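Okay, here's what each chain looks like letter by letter:
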Amino acid sequence: GAVVSQHPSWVICKSGTSVKIECRSLDFQATTMFWYRQFPKQSLMLMATSNEGSKATYEQGVEKDKFLINHASLTLSTLTVTSAHPEDSSFYICSAPTGVEAFFGQGTRLTVV
Amino acid sequence: AQTVTQSQPEMSVQEAETVTLSCTYDTSESDYYLFWYKQPPSRQMILVIRQEAYKQQNATENRFSVNFQKAAKSFSLKISDSQLGDAAMYFCAYRTRNQAGTALIFGKGTTLSVSS
């Protein structure tokens, strides 16, 4: 199946700094990328949808200025958590749809200290 | 809006036994997809099985099968001959077929533990 590579797998950053998470589609072109957030033992919550060449669409309640999403090319989408705070600590997952199925990145565990 | 409900936060099963995970959904659409995803401790999302709503036949993938009841809006997952490696969180998910590139709608998940 298609592969979505997400990096880094885990990151620890200091409060107030920014962190960038990358998702690359390795063997297909991803015109759309979904970004999810997951708290421990909970479901995946859709944060935003990025489309190549256009602005991202954010779900209600998600701060656009805190979670910057860029879909620079058909194979790369990035999520930047700006001015991170401890409450931003979570597991972030990207997913690209291909036809019927969606393929997921490995996820990024973000810890803000 | 579509919703997906998993009413069993936790389930347990003995090795080699069979377990069924429940899922119900609500939609006004007639054409859609349903999925079961597995999320092991590594947290990588793994597709277990999928069902197209227009197909009456229940999907089967090796030890995994579904009971799809469209009128009842029910989509349960049966795991036969359970193995230790089946221990994970399982998510039921819905996706419309009417528009390409739409996000999955997930249920809250069921944590399955398998004992030897």
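Rules used in this analysis
- Residues numbered from 1 in each chain as written.
- Chains lettered and ligands numbered in written order.
- Predicted model: local features only at pLDDT ≥ 70, side-chain atom pairs only at ≥ 80, totals over all residues.
- Heavy atoms only, no water.
- Disulfide = S-S within 2.5 Å.
- Helix = DSSP H or I, 4+ residues; strand = E, 2+ residues; numbered from the N terminus.
- Buried < 20%, exposed > 50% of the residue type's maximum accessible area, 1.4 Å probe, protein only.
- Phe/Tyr/Trp six-rings, centres within 6.5 Å; stacked < 30°, edge-to-face > 60°.
- Lys NZ or Arg CZ within 6 Å of the ring centre and 35° of its normal.

A few points about the state of the cysteines
No. 1: Inspection of every chain in the model, using the stated rule, returns two disulfides over all chains.
No. 2: Covalent S-S linkage joins Cys23 of chain A and Cys94 of chain A, the inter-sulfur distance amounting to 1.8 Å. The chirality of the disulfide connecting Cys23 of chain A with Cys94 of chain A is left-handed, given an S-S dihedral of about -90°. Linking Cys23 of chain A in strand E3 (residues 19–25) with Cys94 of chain A in strand E9 (residues 90–98), this pair joins segments that are 71 residues apart in sequence. Neither Cys23 of chain A nor Cys94 of chain A differs from the other in exposure class; each is buried.
No. 3: Two residues share a disulfide in this structure: Cys23 of chain B and Cys92 of chain B, whose sulfurs sit 2.0 Å from each other. In this structure, the disulfide formed by Cys23 of chain B and Cys92 of chain B twists by about -70° around the S-S bond and is classed as left-handed. Of this pair, Cys23 of chain B sits in the loop between strand E3 (19–21) and strand E4 (24–26) while Cys92 of chain B sits in strand E10 (residues 88–96), and the two are 69 residues apart along the sequence.
No. 4: The class for Cys92 of chain B is buried, based on a relative accessible area of 0%.
No. 5: Note on Cys13 of chain A: no disulfide assigned, nearest cysteine sulfur contributed by Cys23 of chain A at a separation of 17 Å.

Focus on the packing of aromatic side chains
No. 1: Inspection of the entire model under this criterion finds 14 aromatic pairs over all chains.
No. 2: Both rings, one in Phe67 of chain A and one in Tyr92 of chain A, keep their centres 6.2 Å apart while their planes meet at 45°; by these two values the pair is tilted. Placement of the pair is Phe67 of chain A in strand E7 (residues 67–73) and Tyr92 of chain A in strand E9, with a sequence separation of 25 residues. Neither residue differs from the other here; Phe67 of chain A and Tyr92 of chain A are each classed as buried.
No. 3: Look at Phe35 of chain B and Tyr37 of chain B: their rings are 6.0 Å apart centre to centre, the planes differ by 35°, and that puts the pair in the tilted class. As far as the burial class goes, Phe35 of chain B and Tyr37 of chain B line up, both buried.
No. 4: Here the aromatic residues Tyr36 and Phe104 of chain A together with Tyr33, Phe35, Tyr37, Phe91 and Phe106 of chain B are joined through ring pairs into a cluster of three or more.
No. 5: A cation over a ring is seen here: Arg43 of chain B above Phe91 of chain A, with NZ or CZ 4.1 Å from the ring centre.

Interpretation in functional terms is not warranted from these geometric data alone.
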